[in-house]
Amino acid sequence: MGWIAPDAGEDVNPLNFGGGFANHDARYVAEAIKYLQEVKVKRAAGEYKPYCLILSLVNPHDVLAYPKTAATSGYYPAAWSTREIGLPDTVNEHLLANKKPMAQEQILLGMDASLGPLATVEQKLDYINFYGYLLTLVDKEIGNLIKELYAKDGAGISLADTAIVTYTSDHGEMGLAHGGLRQKTFVAYEEALRVPLVISNPFLFSDHPIQQSMALATLVDIMPTFMEIANVSNSPAGLASTSLLPIMQDGTPVQNSILFTYDDTKAGSNSQWSVVNAANRIRCIRTEKWKYSYYFDASGAYYNEYELYDLVNDPSEYTNLAYDLAYNEVRMDMETQLHKLEEDKLRVHSPQQSQSVQEP
């Protein structure tokens with residue numbers, strides 16, 4: 001309720017871009033600031049009512065405009081001609097020769113066809129530096145919202161004083177890693193999985209130093225975290241998530257492993273059941289040291305495929321150890337842990353079901 005149309009960012013139509021001529025992100029931020037100003041007016045008049053404001057911005061999604069439509073949508077060569085960002089170390093990886101899942105090779109070719117090929121090193125550098133430029137644009141817009149949230153009134157009070165301010169993202173960008181992959185489809189690599197998560201309040205955490213942690217967390221953990229901060233006692237049963245508050249308070253990790261799932265077989269297409277002819281769904285476990293994934297096709301038409309990476313000694317996830325007999329024991333252990341995570345987090349266990357299982 002309260003959503004303001006129209007949406008944007010759902011495709012590569014310049015009319016739906018976050019920046020450029022369309023500039024939807026600036027409009028969204030202006031609408032959010034207007035809303036916050038209305039809240040301030042009401043509170044100044046003694047009307048206090050809790051609120052939830054969700055501001056979803058498009059950029060850096062506009063990176064998909066390069067090379068086809070970036071120059072005709074309000075972006076100019078200066079947006080990608082800098083060379084502050086270099087290419088990833090796996091940009092020239094040969095996926096199939098390196099035992100990577102078939103879906104990755106197919107989506108690599110598919111994106112060349114749909115988004116436009118990046119045939120030269122200069123085009124690749126344009127792409128990755130355009131991405132960096134778009135990040136500066138969206139950071140500026142976020143900064144405008146933050147200024148309004150933290151602006152003090154005559155009594156020295158800001159809206160941020162009584163708000164849980166949270167900043168995160170839905171996914172990362174492959175950024176031409178692993179042979180030139182773009183976006184986030186059919187992968188479980190760190191480039192796509194690792195996103196920022198900032199949770200802030202000037203008073204709740206005033207007694208604690210700022211915590212900067214690489215402790216394992218997922219987006220589903222945000223809900224129980226908010227509930228614990230708000231001291232909600234009647235939390236719903238069956239949440240497949242963990243409160244991150246101990247990490248925020250003193251850096252204490254709350255879980256040894258996390259589960260990642262991928263089921264977007266259409267990958268943006270509305271005309272195909274699957275955009276790849278290969279195992280197209282992913283179940284993945286990530287610990288501090290290991291990442292193990294299996295790719296499968298729900299219809300059983302394609303063989304399963306596997307990935308295993310030593311994240312400590314191979315942070316670029318270049319060497320797939322899943323088919324190396326020397327790591328068979330590690331793979332079996334990670335597979336067991338992964339299936340336990342699937343049991344705990346993907347299956348619904350009602351009290352009635354639990355009761356029936358225990359009966360002789």
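Look above for the structure.
What you are looking at is a predicted structure, and each value in this text was computed from that prediction instead of being measured.

J.: Help me understand the overall build of the protein, please; the structure alone is not making it clear to me.
T.: Looking only at helices and strands, the protein has 9 helices and 6 strands in total. Relative to a compact globule of 360 residues, whose C-alpha radius of gyration would be 21 Å, the protein shows 23 Å and is just as compact. With the C-alpha coordinates of the protein rotated into their principal frame, the extents come out at 70 × 65 × 40 Å. Residues counted as buried form 41% of the 360 residues belonging to the protein. Residue pairs at least 24 apart in sequence account for 63% of intrachain contacts in the protein once pairs closer than 6 positions are excluded. Surface summary for the protein: the accessible area is close to 20,200 Å², and the carbon and sulfur share equals 56%. Separation between the mean location of the 27 positive side-chain charges and that of the 45 negative ones in the protein comes to 4 Å.

J.: So what exactly am I meant to see when it comes to the packing of helix H1 (residues 24–44) against helix H3 (residues 121–150) here?
T.: To characterise two packed helices, one gives the angle between the axes of the helices and the distance between these axes. Axis separation between H1 and H3 bottoms out at 10 Å; the angle between their running directions is 5 degrees. By the angle class used here, H1 and H3 are roughly parallel. Taken together, the residues of H3 that come into contact with H1 (itself represented by Asp25, Ala26, Val29, Ala32, Ile33, Leu36, Gln37 and Lys40) are Val138, Glu141, Asn144, Leu145, Glu148 and Leu149. Across the contact of H1 with H3, the residue classes tally to 8 nonpolar, 2 polar and 4 charged.

J.: Sorry if this is basic, but what is going on with the nonpolar core here?
T.: Among soluble globular proteins, nonpolar side chains are generally buried collectively. Formed by 39 residues in total, the largest nonpolar core has its most connected members in Val63, Tyr66, Trp80, Tyr127, Phe130, Met174 and Leu181. Elements with a minimum of two residues in this core: helix H2 (102–115), H3 and strand S4 (281–286). With 5 residues, H2 is the single largest residue contributor to this core. Sequence-distant contacts of Tyr127, that is, excluding residues within four places in its chain, are made with Val63, Leu64, Tyr66, Leu118, Glu173, Leu176, Arg182 and Gln183. Counting 13 residues, the second-largest nonpolar core is a separate cluster that includes Trp290, Tyr294, Phe296 and Leu341.

J.: Is there a simple way to explain the sheet that holds strand S3 (residues 258–262) in this structure?
T.: Backbone hydrogen bonds are what pair the strands of a sheet, in a parallel or an antiparallel way. In space, the 4 strands of this open sheet follow the order S3-S4-S5-S6, with antiparallel pairing throughout. The sheet is open, and its two edges are formed by S3 and strand S6 (305–310), each paired on a single side. This sheet shows a mean twist of 10 degrees between the axes of neighbouring strands, independent of strand direction. Its contacts with the sheet place helix H8 (residues 328–346) against S3, S4, strand S5 (290–296) and S6, and it is angled at close to 70 degrees to S5.

J.: I keep staring at the packing of aromatic side chains and nothing clicks. Help me out?
T.: Centre distance and the angle of the planes are the two values used to describe a pair of aromatic rings. Within the structure shown, the criterion is met by 10 aromatic pairs. On the basis of an interplanar angle of 65 degrees and a centroid distance of 6.0 Å, the ring pair of Tyr35 and Tyr51 is categorised as edge-to-face. One end of the pair, Tyr35, is in helix H1; the other, Tyr51, is in the loop between H1 and H2, with 16 residues separating them in the sequence. You can call Tyr35 partly exposed: its relative accessible area is 30%. Here Tyr51 falls in the partly exposed class, since its relative accessible area comes to 23%. Measuring from centroid to centroid gives 6.4 Å for Tyr75 and Tyr133, while their planes differ by 90 degrees, and the two rings are edge-to-face. With Tyr75 in the loop between H1 and H2 and Tyr133 in helix H3, the pair connects residues that are 58 residues apart, well separated along the chain.

J.: It is not clear to me how the pattern of salt bridges should be interpreted in this structure. Could you clarify?
T.: A side chain with one charge can pair with a side chain of the opposite charge if their charged atoms come near. With the rule as written, the count across this model stands at 19 salt bridges. Notably, a salt bridge pairs Arg194 with Glu190, separated by 3.9 Å at the nearest N-O pair. Between Lys291 and Glu190 there is a salt bridge; the shortest N-O distance is 2.6 Å. Taken together, the residues span a long stretch of sequence, with Lys291 in strand S5 and Glu190 in helix H5 (residues 190–193) at a distance of 101 residues. Taken as a pair, Lys291 and Glu190 share a single burial class, namely buried. A network of salt bridges, in which partner residues are shared, links Glu190, Arg194, Arg286, Lys291 and Glu317.

J.: Mind showing me how you'd approach H2 here?
T.: In an α-helix, one turn spans 3.6 residues, which is why side chains three or four residues apart end up on the same side. Taking 1.5 Å as the rise per residue, H2 with 14 residues should run 20 Å; its terminal C-alpha atoms sit 20 Å apart, in good agreement. Of the residues making up H2, those classed as buried are Ala103, Gln104, Glu105, Ile107, Leu108, Met111 and Leu115. Those residues of H2 that are buried lie in contact with helix H4 (177–180), S5 and S6. Phi turns positive, to about 110 degrees, at Gly116, one or two residues after H2.

J.: Honestly, the side chain of Ser274 in this entry has me stumped. Any pointers?
T.: The residue Ser274 is located in the loop between S3 and S4 in this model. At a separation of 2.8 Å, a polar atom in the side chain of Ser274 contacts the main-chain carbonyl oxygen of Val276. Here the side chain of Ser274 touches Asn280 through a polar contact of 2.9 Å, side chain to side chain.

Cut-offs used in this document
- Residues numbered from 1 in each chain as written.
- Predicted model: local features only at pLDDT ≥ 70, side-chain atom pairs only at ≥ 80, totals over all residues.
- Heavy atoms only, no water.
- Helix = DSSP H or I, 4+ residues; strand = E, 2+ residues; numbered from the N terminus.
- Rg over C-alpha atoms; globule rule 2.2 N^0.38 Å.
- Buried < 20%, exposed > 50% of the residue type's maximum accessible area, 1.4 Å probe, protein only.
- Contact = heavy atoms within 4.5 Å.
- Areas by Shrake-Rupley, 256 points an atom, 1.4 Å probe, with all protein chains shown as cover.
- Lys, Arg positive; Asp, Glu negative; His and termini not counted.
- Charge placed at Lys NZ, Arg CZ, Asp CG, Glu CD.
- Axes fitted to C-alpha atoms, helices over the stretch in contact; angles between N-to-C directions.
- Parallel < 35°, antiparallel > 145°, perpendicular 65-115°, else oblique.
- Nonpolar A, V, L, I, M, F, W, Y, C, P; charged D, E, K, R; others polar.
- Core = buried A, V, L, I, M, F, W, Y, C linked by side-chain atoms within 4.5 Å.
- Pairing = 2+ DSSP bridges.
- Phe/Tyr/Trp six-rings, centres within 6.5 Å; stacked < 30°, edge-to-face > 60°.
- Salt bridge = Lys/Arg side-chain N within 4 Å of Asp/Glu carboxyl O.
- Expected span 1.5 Å × (residues − 1).
- Polar contact = N/O pair within 3.5 Å; in protein donor to acceptor, adjacent residues only side chain to side chain.

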